[in-house]
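Observations on chain architecture
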Amino acid sequence: MSVDLSVVVPAYNEEGRLRPTLDAICAHLRAEPGRWGEWELIVVDDGSTDATARIAKEAAAEEPRIQLISGDGNRGKGSALRQGVLASYGRRVLITDADLATPIEELDRLDKQLAAEDSAAAIGSRAHPDSHIEVHQRRMREWLGRMGNRLIRAVAVPGIHDTQCGFKLFHGDKARAAFADSRLDGWGIDVEILLFFRREGWPVTEVPVRWSHQAGSKVRPLDYGKVLLELVRLRARAVRRVDLAVVGLFVLASVLLYKNLWTDLDRGYLADSGQDQNQWEWFFAVTADNVAQLRNPLFTTLQGFPDGVNLMANTVMLGLSVPLAPVTLLFGPTVTWALVLTLGLAATASAWYWLIARRLVTHRWAAALGAAFAAFAPPMISHGNAHPNFLVLFMIPVIIDRALRLCEGRNVVRDGVLLGLFATYQIFLGEEPLLLASMGMLLFALSYALARRDVARAAWRPLLRGAAVAAAVCLPLIAFPLGWQFLGPQSYKSVLHGDNAGNSPLAFLEFAGRSLAGSDEGADPLAMNRTEQNAFYGWPLIALAAAIVVRLWRLALVKALAFTGLVAAFLSLGPEFRIPYTDIVLTGPWRALAHQPLFESVIESRVALICAPVLGVLIALAADRLVASRERVNQVVGLAAVAAALLPVLPTPYPVRERSQVPEFITQGMYRSYLSEGESVVTVPLPNPGSAEALHWQSATGLGFRIAGGYFNGPWGPDHIGIYGATPRHTSNLFNDVRTSGRVPEIGPNWQAQARYDLAAWKAGVVVLEPQYNDVALYATVEKLLGRPGKRVGGVWVWDVRNPKASVRTDS
């Protein structure tokens, strides 16, 4: 059967409007038989309960080219359109609503556009600047429609401004393919069809039309919500099974790495985290408490009392700690800690997978391999011991993708706004990772511009305009938090990291302690600690990367990746570095950045983290080409080489030790009778980066008391230089010395006066000594300083040092 045009009209309870609509369509098509050729008009009755079907039959009796299809009950516009389009034979297929809100004469415009632009679809658009709206809808309905279209553009079909106008002309075979693939029965069918066309690469053109609102519309306010639900179904259906499998594997891998922690959340403690697990659990707990009590989430005096802690300056990850506050309040900070680490690592891998698959390779498993390395690389696993702000990096690939969209220049304002919002959120996840990512992006952009100057000439203007828009969005949002961070109470500048913060060149060739082929004995001498093994990619992987670069050197992408990785590795060596196996010390390029704003607080060895996604992309590119290769021998040998390079750096599960129990003096609330209002608990020694169990005492028991000292970043000295922990005092230094040496010094009146002075500065209410290493010497020291023996209460030694004039606390 040869049909030039099929017109499909879905109808539900349209007895009052259907006959005039059918007459108008037939009259228009009959008027130019040479133009429209053979045509058919298909009416789909969607289970009407009025005379709609009878009217359609009467019209069909007069015009044999009219057909009636009766649906099985009222299933929705999507179902009716699907039946009608699949029953059509036309070379072109027009779908139009039964109310002819867009007059049939507008078919001429769509037909011309479909032919002139060689489009697969020409769709009526009320949002087109040349469209003419003769009768408007009510203001609320128009507003809902605009908001719905914006949401649809954002999540489904960006670039199409009006998906819901019921007047669309399609290439017939393509329309039938799209509707055969469709599943939605409701109003969301338009979006599903356009999404199918977009996915297949079939051009869709929006055409200006005349449009008039018709009384008796079947669209109700609740239908907008139904469309949103259908959009969710669309997005879920658009996810490929391989994508779900990849993300599932990432989650499984992350769970296996942290299985020892999840096995015993009550007593488990990551063995290589130092005191950072105590610190992060405290961060999560205090943020949740601040949110629940509607207090300032940027500051607290619960540790470092009485000066307090600038939380914004301590990377408490407000972007996660605030939304996860209900989890923390219900299940405790240890659950939040384990969730952030486990799901954060999987989310980071998934984000890299999305970016690599979207932008760089065609084979999904090649993208998965590259993403797995970018997220599970040895330095990432090292930070997974204690630094979730360097593990939860799922926003970085999203930011990179948005910057690349800006280079394309399609919608600079929209992409600039989104980039600004994404950067703002990343700041509340971690500022230093964003700084390092920006360094990597800048290095890549400069080197790629040199390799592809034609691309750079086309991209730099929209990129700069978009960056300006992003800054205009981001800066007002972060002005107050960053002002508090750098100028607020307990703010600081720079951070003292010591002289060994750079990487040794050997660290890039060695295996990390948590790698399958590594050992702590080999890795420990080459890193600051086990949470800062920021290189350790292993010599097989470095050799593989070099071979990939040589093999694919013709690609500008590979040249830029190689430059970015080499420069990042070189910068990570620090202000100076020693050539291995010699006494020759050379000046490193980091010296030029070491004292610059922002960079002065960066641990320079962390710059090597930039190499992780660089190597991951190189691995994905190589795997993609190997999988597609028709040379069986080259394919097998190449994939074997990739496996041989990756196998040694596979991460092993994190070891866990049993954490010490919180004393009954704390868990049973016995401390309350020793604290007056505005006083603190002084532990011996005071909490510090080497021993911060008191933070766990607080976070595990509801933050019921304040402590002097602590483990956080705070100011020291008149220049407010950043240090780890509270400003040290003579008495706190004395406790640390005794704890380390086990020797009790000579304690005279001067030391006793100094202790009284320091306890007053800490506003101490009680001094607490728990059982620990060298506790006998510590007890003797405190006894001599205070001039009286301690009292054994709730498993600890206590000394009541309250201000006798103060009243005892009664709150919890």
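Read on for a plain summary of the structure. Just so it is clear, the model here is predicted, and its values are computed rather than measured.

The next thing to look at is the overall build of the protein chain. Helix and strand counts for the protein chain come out as 32 helices and 23 strands. Principal-axis analysis of the C-alpha atoms gives the protein chain an extent of 115 × 65 × 45 Å. A total of 812 residues make up the protein chain; the buried ones form 52% of that total. Taking the intrachain contacts of the protein chain between residues at least 6 apart in sequence as the baseline, contacts between residues at least 24 apart amount to 78%.

Looking now at the packing of aromatic side chains. Applying the stated criterion to the full structure yields 22 aromatic pairs. For the pair Trp 280 and Phe 284, a centre-to-centre distance of 5.9 Å together with 45 degrees between the ring planes defines the contact as tilted. In this pair, Trp 280 and Phe 284 both sit in helix H12 (residues 276-292), 4 residues apart, roughly one turn of the helix. On the basis of relative accessibility, which here comes to 1%, the residue Phe 284 falls in the buried class. Here the aromatic rings of Phe 299 and Trp 484 are separated by 6.3 Å at their centres, their planes lie at 65 degrees, and the arrangement is edge-to-face. Placement of Phe 299 in strand E11 (residues 299-300) and of Trp 484 in helix H22 (residues 453-487) is noted, with a sequence separation of 185 residues between them. Each member of the pair, Phe 299 as well as Trp 484, carries the same accessibility label: buried. Among the aromatic residues, ring-to-ring pairing joins Phe 170, Phe 179, Phe 196, Phe 197 and Trp 202 into one connected group.

The buried fraction of strand E21 (residues 764-769) is high, at 6 of 6 residues. Two strands pair when backbone bridges link them, and strand E17 (residues 680-683) and E21 are joined in this way by 4 bridges, in the parallel orientation. Paired with Thr 683 across the strands is Val 768, a residue of E21. Of the pairings in the sheet, the one linking E21 to strand E23 (residues 796-800) comprises 4 bridges and is antiparallel in character.

Below, the discussion takes up helix H29 (residues 693-700). The element H29 is largely enclosed, with a buried count of 7 among its 8 residues. Within the span of H29, buried status applies to Glu 693, Ala 694, Leu 695, His 696, Trp 697, Gln 698 and Ser 699. For H29, the secondary structure elements touched by its buried residues are H12, helix H15 (333-359), helix H28 (664-667), E17, strand E18 (706-707) and E21. Looking one or two residues beyond H29, the residue adopting positive phi is Gly 702, at roughly 90 degrees.

That bond from Phe 305 to Pro 306 is cis: its omega, 5 degrees, falls within 30 degrees of zero. Mapped onto the elements of the fold, Pro 306 is located in the loop between E11 and strand E12 (309-310). Following Val 684, the chain continues to Pro 685 via a peptide bond in cis, the omega torsion being -10 degrees. Mapped onto the elements, Pro 685 comes out in the loop between E17 and H29. With a phi angle near 65 degrees, Tyr 581 is a residue other than glycine that sits in the positive phi range. Note on placement: Tyr 581 falls in the loop between strand E14 (576-578) and strand E15 (585-587). Despite not being glycine, Leu 598 has its phi angle at roughly 75 degrees, a positive value. Here Leu 598 shows up in the loop between E15 and helix H26 (611-628). Given a relative accessible area of 53%, Leu 598 falls into the exposed group.

Reading across from one edge, E13-E20-E19 is the order of the 3 strands in this open sheet, with mixed pairing throughout. Bordering the open sheet on either side are strand E13 (493-495) and strand E19 (713-716), each of which pairs with just one other strand. Geometrically, the sheet is characterised by an average inter-axis angle of 45 degrees between neighbouring strands, direction not taken into account. Pairing analysis gives 4 bridges linking E19 to strand E20 (residues 721-724), with the strands arranged antiparallel. Bridge pairing in E20 places Gly 714 opposite Ile 723.

Bringing the nonpolar core into the picture now. Membership of the largest hydrophobic core comes to 142 residues, with the highest contact counts inside it found for Tyr 258, Phe 373, Tyr 537, Leu 541 and Phe 665. Ranked by the residues each element gives to this core, the list is headed by H15, at 13 residues. Contacts of Phe 665, omitting those with residues within four sequence positions, involve Met 670, Tyr 671, Tyr 674, Val 766, Val 768, Val 793, Gly 794, Val 796 and Val 798. In this structure, Val 43, Ile 104, Leu 114 and Cys 165 belong to the second largest nonpolar core, which totals 32 residues.

What follows covers the pairing of strand E1 (residues 3-11). Each regular strand shows side chains that alternate between the opposite faces of the sheet. Most of E1 is tucked away, with 8 of its 9 residues classed as buried. Both E1 and strand E4 (residues 90-96) contribute to a ladder of 5 bridges, which runs parallel. By the bridge assignment for E4, Val 3 is matched with Gly 90.

Attention now moves to the packing of helix H21 (residues 431-451) against helix H25 (residues 556-571). Packed helices, taken two at a time, are described by the angle between their axes plus the distance between the axes. At their nearest, the axes of H21 and H25 sit 8 Å apart, and the two run at 140 degrees to each other. Comparing the axis directions of H21 and H25 gives the class oblique. Handedness of the H21/H25 crossing: right-handed. On the side of H21, the interface is formed by Met 439, Gly 440, Leu 443, Phe 444, Ser 447, Tyr 448 and Ala 451, while H25 contributes Ala 556, Leu 557, Lys 559, Ala 560, Leu 561, Phe 563, Thr 564, Val 567, Ala 568 and Leu 571.

Once that is clear, we can look at the environment of Ala 127. Looking at the element boundaries, Ala 127 is found in the loop between strand E5 (121-125) and strand E6 (132-135). Sequence-wise, Ala 127 and Cys 165 are 38 residues apart; in three dimensions their C-alpha atoms are separated by 9.5 Å. Those residues in contact with Ala 127, other than ones at most four positions away along the chain, are His 161 and Asp 162.

Ordered by their spatial adjacency, 5 strands build an open sheet running E18-E17-E21-E23-E22, and the pairing between neighbours is mixed. Since the sheet does not close on itself, it has two edges, and those belong to E18 and strand E22 (791-793), each with one partner. By the bridge criterion, 2 bridges tie E17 to E18 in an arrangement that is parallel. What sits directly across from Val 681, in E18, is Ile 707. Against the sheet, helix H32 (residues 775-786) touches E21 and E23, its axis set at about 10 degrees to E23.

With respect to the helices, strands and loops of the structure, Asp 162 is situated in the loop between helix H6 (139-155) and strand E7 (167-171). Among the polar contacts made by the side chain of Asp 162, one reaches the main-chain amide nitrogen of Arg 126 at a distance of 2.8 Å.

This part takes up helix H8 (residues 189-200). Helix length check: H8, at 12 residues, gives a terminal C-alpha distance of 17 Å against a target of 16 Å (1.5 Å per residue), a fit within 8%. Counting buried positions along H8 gives 9 out of 12 residues, so the element sits mostly inside the fold. Of the residues making up H8, those classed as buried are Ile 189, Asp 190, Val 191, Glu 192, Ile 193, Leu 194, Leu 195, Phe 196 and Phe 197. Once H8 finishes, Gly 201 follows within two positions and takes phi at roughly 80 degrees, a positive value.

Along the chain, the position of Thr 328 falls in helix H14 (residues 325-331). Judged by relative accessible area, Thr 328 falls into the buried class, the value being 7%. Excluding its chain neighbours within four sequence positions, the residues that come into contact with Thr 328 are Phe 284, Ala 285, Ala 288, Pro 333 and Thr 336.

The rules behind each value
- What you see as residue numbers is a count from 1 along each chain, following the sequence as written.
- Only residues with pLDDT of at least 70 are given local features in this predicted model, and only at 80 or more are side-chain atom pairs given and counted; all residues enter the totals for whole chains, interfaces and linings.
- No hydrogens and no water enter the side-chain calculation; it runs on all heavy atoms of the structure.
- Secondary structure counts use DSSP, requiring at least four H or I residues in a row for a helix and at least two E residues in a row for a strand, with both numbered from the N terminus.
- Here's how the labels work: a residue is buried when its accessible area is under 20% of the maximum for its type, exposed when over 50%, partly exposed in between, all with a 1.4 Å probe on protein chains only.
- Note on contacts: a residue pair is in contact if any heavy atoms of the two residues lie within 4.5 Å.
- A pair of Phe, Tyr and Trp rings is counted when the ring centres sit within 6.5 Å of each other, with Trp represented by its six-membered ring. The angle between the planes then sorts it: under 30 degrees is stacked, over 60 is edge-to-face, the rest tilted.
- In this scheme, strands are said to pair when DSSP sees at least two bridges between them.
- The convention used is that axes are lines fitted to C-alpha atoms, helices contributing only their stretch in contact, and that angles between N-to-C directions extend from 0 to 180 degrees.
- Think of a nonpolar core as a cluster: buried Ala, Val, Leu, Ile, Met, Phe, Trp, Tyr and Cys residues, connected wherever their side-chain atoms sit within 4.5 Å.
- An angle below 35 degrees is read as roughly parallel, one above 145 as roughly antiparallel, one from 65 to 115 as roughly perpendicular, and any other as oblique.
- Crossing handedness follows the turn of the near helix against the far one: under a right angle anticlockwise gives a left-handed crossing, and clockwise gives a right-handed one.
- Each polar contact in these results corresponds to two N or O atoms within 3.5 Å; when the atoms are within protein, one needs to be able to donate a hydrogen and the other to accept it, and residues that are neighboring in sequence are counted only if both atoms are side-chain atoms.
- Here the expected span of a helix is defined as 1.5 Å times the quantity of residues minus one.

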